[in-house]
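Chain residues, written in single-letter form:
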Amino acid sequence: MDPAELTSITTTKTKSFLAGAIAVMPLTIAVIPWGILAGSFALEVGLTPVESQAMSAIIFAGSAQLVALGMIKAGIGIGSILITTLLITSRHLLYAMAMRTHISPLPLKWRLGLGFLLTDELFAIANQTHKGDTPAQHQFDRWYALGGGLTFYFGWNIATLLGIVAGQSIDNLGELGLDFAIAATFIALVVPTVKKPSILVCVLVSLMLAVVCAVFAIQAGLLIAAISGMAAGMLYAKLTNEGSVVATDADSTQATVTVKKEDNA
Amino acid sequence: MTWLIILSMAAVVFVSRHLLLEPKLPIRLSKNTLTFLSYSAPAVLTAILAPIVFVPEGQLAISIHNPYLTCALVATILAYVTRNTLLTTVLSMGLFFILY
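An unreviewed UniProt entry lists chain B under the name AzlD domain-containing protein, with Shewanella polaris given as the organism.

Identification of chain A as AzlC family ABC transporter permease from Shewanella polaris is taken from an unreviewed UniProt entry. The annotation that UniProt attaches to chain A under Sequence similarities (unreviewed entry) is "Belongs to the AzlC family." According to the UniProt record, the Subcellular location (unreviewed entry) comment for chain A reads "Cell membrane".

Listed below in structure tokens is the structure:
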């Protein structure tokens, strides 16, 4: 490979990396109050500063971290915490499935790296790049995804650090209402996904049950509300034959990933 | 104990993100499972945000005096109209800190 060609490839990589970093910037800014809350709440629950930072650095999953902290505070056992974590994080199975064709052919270090960085936010920007592309450009860009993923990772960890520092010096940080940042970000992520009546049914059932469970302080409220919402949405879709999905008979209910991919195309 | 929770949570989260990226894994999920999972994001995100908005102090607060609820309604309208994450979060949070 001649030097000029090598330089041009390096430039393309840098450009893609920076484009990814810029694309994820609005979501990184929106996550700052939430990161501050994650850091300060961890201290309030009784974690050391190192443990508090480690949650963001090693787990890197905001909603799972905050829910787990609430459960630790309430004295709930590790088994329930892990089951709840599994449910909260189960949407990543879908993201991974959708990106499988792009990422699984990559070398191991890319799979592990992008797998670790695969958040709601990374999934959102990685999909955006495919929308207006011509077929020739319709190729997954690993450097773009890495730029977006790493930027979001450092943003989340810096915000957590801010929360740890602020939590040690400012009393009652939890009473400043930073938790509204979670609600606002999730509303901004959920509302555009409500494209079908069955998703609206799913959201309304989850909402009502989550509120009822919270009022009665039922610890498994998140599980109950989410699973009931998912079941209600699916049931509504089946009963109304929503969408153009042809009902399959019992023998052919096994669907491979390629089927799912065609649905998305 | 805290480290055990942190490390085992990290394992659960990482496996959920990486498992289906593994090329050696022969994946055959039933179509019903896929359909059920497709509702997970809105259901889980809603189940997390709803108590924050409706039960901010441990008690049901459906009132115009609940800034969480007022600002959540504004955020919902903004998200519906603009479909813009940053605009929705920044404007509704700004309003929240004014009202709170």
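Here the narrative resumes.
A. Summary view of the overall build of chain B. Along chain B, the regular secondary structure elements total five helices and one strand. Ordered by position from the N terminus, the helices and strands of chain B form the series α-β-α-α-α-α. Against the globule reference of 13 Å for 100 residues, chain B gives a C-alpha radius of gyration of 19 Å, more extended than a compact globule. Reported as C-alpha extents along the three principal axes, the dimensions of chain B are approximately 55 × 40 × 25 Å. Counting all 100 residues of chain B, 48% fall into the buried class. When contacts within chain B are restricted to residue pairs at least 6 apart in sequence, those whose partners lie at least 24 apart make up 25%. Here chain B has roughly 5,000 Å² of accessible surface; of this, 71% comes from carbon and sulfur atoms.

B. View of the layout of surface pockets. Roughly 1,300 Å³ of volume is contained in the second largest pocket. Lining the second largest pocket are 39 residues, and of these Phe41, Leu66 and Gly70 of chain A together with Pro51 and Ile52 of chain B lie nearest its centre. Secondary structure elements with two or more residues in the lining of the second largest pocket: α2 (25-45), α4 (62-73), α5 (78-89), α11 (197-215) and α12 (221-239) of chain A together with α3 (40-54) of chain B. With six residues, α4 of chain A is the largest single contributor of residues to the lining of the second largest pocket.

C. Structural context of the packing of aromatic side chains. For the structure shown, the criterion picks out 13 aromatic pairs over all chains. Judged by centre distance (5.9 Å) and plane angle (75°), the rings of Trp34 of chain A and Trp156 of chain A are edge-to-face. Taken together, the residues span a long stretch of sequence, with Trp34 of chain A in helix α2 and Trp156 of chain A in helix α9 (residues 142-169) at a distance of 122 residues. Arranged with centres 5.7 Å apart and planes meeting at 80°, the rings of Phe96 of chain B and Phe97 of chain B form a pair that is edge-to-face. Owing to a relative accessible area of 0%, Phe96 of chain B belongs among the buried residues under this scheme. For Phe97 of chain B, a relative accessible area of 40% translates into the label partly exposed. The ring of Trp110 of chain A has Arg142 of chain A sitting right over it, with the charged end atom 5.3 Å from the ring centre.

D. Region of the structure containing the domain arrangement of chain A. Residues and elements named next belong to chain A. When its domains are assigned, chain A resolves into domain 1 (3-193) and domain 2 (194-265). With 15 residues of domain 1 in contact, the opposing surface of domain 2 contributes twelve residues. Summed over both partners, the interface of domain 1 with domain 2 buries about 1,100 Å², with 76% contributed by carbon and sulfur atoms. On the domain 1 side of the interface with domain 2, the three residues burying the most area are Leu87, Met97 and Thr193, jointly 39% of the side's total.

E. Examining α12 of chain A more closely. Between its terminal C-alpha atoms α12 of chain A stretches 26 Å, which fits the 27 Å expected from 19 residues at 1.5 Å a residue. Taken as a whole, α12 of chain A has its buried residues at Gly221, Leu222, Ala225, Ala226, Gly229, Met230, Ala232, Gly233, Met234 and Ala237 of chain A. Where α12 of chain A is buried, its residues contact α4, α5 and α11 of chain A together with α2 (31-38) and α3 of chain B. Two residues or fewer past α12 of chain A, Asn241 of chain A is found with a positive phi of approximately 50°.

F. Structural context of the interface of chain A and chain B. Of the residues lining the interface, 94 residues belong to chain A; the matching set on chain B comes to 68 residues. Carbon and sulfur atoms supply 78% of the area that chain A and chain B bury against each other, a total of about 7,400 Å² over both sides. Of all residues in chain A, Arg100, Phe180 and Met230 of chain A give up the largest surface area on contact with chain B, accounting jointly for 9% of the area buried on that side. Inspection of the region where chain A meets chain B yields one salt bridge. Of the charged contacts in the structure, one is a salt bridge between Arg111 of chain A and Glu22 of chain B, with a shortest N-O distance of 3.7 Å. Across the contact surface, chain A and chain B share twelve residue pairs in polar contact (both at pLDDT 80 or more). With eleven residues, the top contributor of residues to the side of chain A that touches chain B is helix α10 (residues 180-190) of chain A. Class assignment for the residues of the side of chain A that touches chain B results in 67 nonpolar, 18 polar and nine charged.

G. Structural view of empty space enclosed by the protein. Residues and elements named next belong to chain A. Across all of its chains, the model carries one cavity of 30 Å³ or more by this definition. Taken together, 19 residues form the lining of the largest cavity, with Ala61, Gly62, Ser63, Asp120 and Glu121 sitting closest to its centre. Looking at the lining of the largest cavity, the elements that each hand over two or more residues are α2, α4, α5, α6 (91-103), α8 (120-131), α9 and α10. Per-element tally for the lining of the largest cavity: the top contributor is α4, with three residues.

H. Up close: the nonpolar core. Of all hydrophobic cores here, the largest spans 97 residues; its most connected members are Trp34, Ile59, Leu114, Phe180, Ile182 and Phe186 of chain A together with Met9 of chain B. For this core, the element with the highest residue contribution is α3 of chain B, accounting for eleven residues. When residues are assigned to domains, this core turns out to be shared by domain 1 (3-193) and domain 2 (194-265) of chain A, each giving three or more. Each residue touching Met9 of chain B, except ones within four places of it in the same chain, is listed here: Met55, Ile59, Ala64, Gln65, Ala68, Ile81, Leu82 and Thr85 of chain A.

So, how was this worked out
- Residues numbered from 1 in each chain as written.
- Chains lettered and ligands numbered in written order.
- Predicted model: local features only at pLDDT ≥ 70, side-chain atom pairs only at ≥ 80, totals over all residues.
- Heavy atoms only, no water.
- UniProt positions renumbered as here; feature names shortened; annotations may be inferred.
- Helix = DSSP H or I, 4+ residues; strand = E, 2+ residues; numbered from the N terminus.
- Rg over C-alpha atoms; globule rule 2.2 N^0.38 Å.
- Buried < 20%, exposed > 50% of the residue type's maximum accessible area, 1.4 Å probe, protein only.
- Contact = heavy atoms within 4.5 Å.
- Areas by Shrake-Rupley, 256 points an atom, 1.4 Å probe, with all protein chains shown as cover.
- 1 Å grid on protein atoms, 1.4 Å probe; cavity = no way out; pocket = protein on both sides within 12 Å on 5 of 7 lines; lining within 4 Å.
- Points joined across faces, edges and corners; volume = space filled by probe spheres on them.
- Phe/Tyr/Trp six-rings, centres within 6.5 Å; stacked < 30°, edge-to-face > 60°.
- Lys NZ or Arg CZ within 6 Å of the ring centre and 35° of its normal.
- Domains from an automatic or database assignment.
- Buried area = accessible area lost by both parts, 1.4 Å probe.
- Expected span 1.5 Å × (residues − 1).
- Salt bridge = Lys/Arg side-chain N within 4 Å of Asp/Glu carboxyl O.
- Polar contact = N/O pair within 3.5 Å; in protein donor to acceptor, adjacent residues only side chain to side chain.
- Nonpolar A, V, L, I, M, F, W, Y, C, P; charged D, E, K, R; others polar.
- Core = buried A, V, L, I, M, F, W, Y, C linked by side-chain atoms within 4.5 Å.

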